[in-house]
Amino acid sequence: MKNLKVIAFTHKHVELKDLGNLVVCNEELEDRLVNLKTTLDIPEIFYIATCNRVEFVFCGAHELSDEFVANFLQQMNFCVPAERLQCYLGQVTRYTDMDALNHLFRMSCSLESLVVGEKEILAQVRRAYESCRAAGFTGDYLRLVMDRLVKTAKEVYTYTNISRNPISVVSLAYRKLKETKLPANPRVLVIGSGETNQNLAKYLKKHQHSNFVVFNRTLKNAQRLARELNGEAYSLSELAHYKKGFDVMIICTGAPQAIIDVQLYKSLLQGETDRKVIVDLAIPNDVDAEVVAQFPIQYIEVSSLQAIAEKNKQDRYAELESADAIIQQNIREFLPVVKQRRVEVAMREVPQKIKEIRSLAVNEVFAQDLQNLDPQAREVLDKVISYMEKKYIKVPMVMAKEILVQNSQTEIN
């Protein structure tokens, strides 16, 4: 596992609002990763961005020195000043080898999440991996890692109580929302139709809310969510012209900066002066800080949920030991699998080489001798050669795998 590396920026060391500077929109991600792979000679990589972490998982014989990480961040072309990038260097967490593997298992099993036990993290990691796999950024090595991460996380969620009564960021936001005094069947603006807003809006619908208007950059996606909510759908470009007011704004987009400024917010108010509720789960925030400062707003954002999340973590702390035991067992099982696969890859040319030796022997070296054999003897010889060929292909591979398994068990013990 010596080539497995992780460069991580998480809620443990970085302010959530600052994590937004490291989020790369989908439209730019492929070009940036192509540049990164080419410039730094990284064979496989995938990028994960959630509401409380930005991580790069890759393989390669790189040392995660300050110089390398600084170059890494520069090649990703983050739109932040040079001095801010230097600040991130002091906040980065670096994992290599077995530490990297252990971190990935713990992350995928939600042991390191802002809300311990939330199942959403596994889905987010899988989507991040699949996106990069489809774009050709990952290969056989990270495939093996990802397969084992999924298996392990499923076991943790099945055989422990760590996700019982799960409290995700979305459900935490909904709980905060329920604590506010809302009018009957409030007017709900849903800005952004991604998974976070979908889940939160569905919570509201489940609890008898029915007055929804959905805005999204892509109208088709807005219409899809609006149909589920029995609401109206508009393109995000029409938001400035919306005249029907609102009581609750649920907003979460992938925009790199705030999209609700003072002018737009005034327009959306349509002269209303009562206290509004805004649930802003975007990183970075979609609502400008000046809006929150100038208007009467019950503002719910990711960082405001941290206290609740900490209590949740303590409630589930007893399950961490059981979850970690499952992780360590999977790691012990996984190491021989990686080594076996390495042997398979290294030896996959063996069958072709043996076939070439057979062809050379039959068609050149012993061609004249074989011509002198009668058909029956030639048939028997062909059977013997075919049998030997199969054994010469299979036996070395089996022996190599057995040796690796024995060595792995010795190392573990």
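Now for a look at the structure at hand. Everything numeric here is computed off the predicted structure, so don't read it as measured data. (Residues numbered from 1 in each chain as written. Predicted model: local features only at pLDDT ≥ 70, side-chain atom pairs only at ≥ 80, totals over all residues. Heavy atoms only, no water.)

This part is about a nonpolar patch on the surface. Taken together, the side chains of V380, V384, Y387, M388 and Y392 present a nonpolar region at the surface, about 510 Å² in accessible area. Topologically, Y392 is positioned in helix α17 (residues 375-412). On the basis of relative accessibility, which here comes to 52%, the residue Y392 falls in the exposed class. (Patch = residues over 30% accessible without salt bridge, like charges linked within 9 Å, V, L, I, M, F, W, Y side chains within 5 Å. Areas by Shrake-Rupley, 256 points an atom, 1.4 Å probe, with all protein chains shown as cover. Salt bridge = Lys/Arg side-chain N within 4 Å of Asp/Glu carboxyl O. Helix = DSSP H or I, 4+ residues; strand = E, 2+ residues; numbered from the N terminus. Buried < 20%, exposed > 50% of the residue type's maximum accessible area, 1.4 Å probe, protein only.)

As a further point, take the sheet that holds strand β9 (residues 276-280). The sheet built from six strands is open, its strands ordered β7-β6-β5-β8-β9-β10 with parallel pairing. Looking at the sheet topology across the chains shown, the edges are occupied by β7 (232-235) and β10 (297-301). For this sheet, the mean inter-axis angle between neighbouring strands, taken without regard to orientation, is 15°. By the bridge criterion, five bridges tie β9 to β10 in an arrangement that is parallel. Paired with K276 across the bridge in β10 is I297. (Pairing = 2+ DSSP bridges. Axes fitted to C-alpha atoms, helices over the stretch in contact; angles between N-to-C directions.)

Here the focus is the pairing of strand β8 (residues 248-251). Burial along β8 is two-sided: the residues V248 and I250 and M249 and I251 are all buried. Of the strand pairs in this sheet, strand β5 (residues 188-191) and β8 are connected by four bridges, and their pairing is parallel. Bridging across to β8, V190 finds its partner in I250. In the sheet, β8 pairs with β9 via four bridges, with the strands oriented parallel. Bridging across to β9, I251 finds its partner in D280. This β-α-β element, β8 to helix α11 (residues 262-269) to β9, shows right-handed connectivity. (Right-handed = clockwise from strand over helix to strand, strands pointing away.)

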